[in-house]
Amino acid sequence: MSALLDKFLIPTAVGLVVTGLAAAVSWLYRRRRTSPTPPRVLRRFSLLGTADADGTPLYYETTRAPGSVVTRRVGSLPQRFELTDAPLGDGTYAAEPLDHL
């Protein structure tokens, strides 16, 4: 009976432990590689077609990604803008007006 244990059960148990450890290491490696979050970048957007009372353009600073739609109050009306990745000459990015709400 002891020879049977030495011949079959011990190598099988060692093989199961090694396989389990390999699976755990593989899972941890894949989890670490797929979970980083993208960096949040603060960008300044020029709200196109808008101006303050003294004539200066209105700006909007955010970490939201280009393609996002934001609502800002221009004068007394809320207005929606789409944030773009189009750089302007003053170092800001364009926020294109969509419509008045």
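Just above, that's the structure.
As the structure is a computational prediction, the values presented were derived from the model and not from experiment. (Residues numbered from 1 in each chain as written. Predicted model: local features only at pLDDT ≥ 70, side-chain atom pairs only at ≥ 80, totals over all residues. Heavy atoms only, no water.)

**Remarks on the nonpolar core**
Ranked by size, the top nonpolar core spans eight residues in total: Phe45, Leu47, Tyr60, Val70, Val74, Phe81, Leu83 and Ala95. Sorting the residues of this core by element identifies β1 (43–47), β3 (69–74) and β4 (77–87) as the ones contributing at least two each. Ignoring sequence-local partners within four residues, the contact set of Phe81 consists of Leu47, Leu48, Thr50, Ser68, Val69, Val70, Arg72, Val74, Ala95, Glu96, Pro97 and Leu98. (Core = buried A, V, L, I, M, F, W, Y, C linked by side-chain atoms within 4.5 Å. Buried < 20%, exposed > 50% of the residue type's maximum accessible area, 1.4 Å probe, protein only. Helix = DSSP H or I, 4+ residues; strand = E, 2+ residues; numbered from the N terminus. Contact = heavy atoms within 4.5 Å.)

**Brief notes about the packing of aromatic side chains**
Taken as a whole and judged by the stated rule, the model has one aromatic pair. Both rings, one in Phe45 and one in Tyr93, keep their centres 6.0 Å apart while their planes meet at 50°; by these two values the pair is tilted. Taken together, the residues Phe45 in strand β1 and Tyr93 in strand β5 (residues 93–100) connect sequence positions 48 residues apart. Residue Phe45 is classed as buried on the basis of its relative accessible area, which comes to 0%. (Phe/Tyr/Trp six-rings, centres within 6.5 Å; stacked < 30°, edge-to-face > 60°.)

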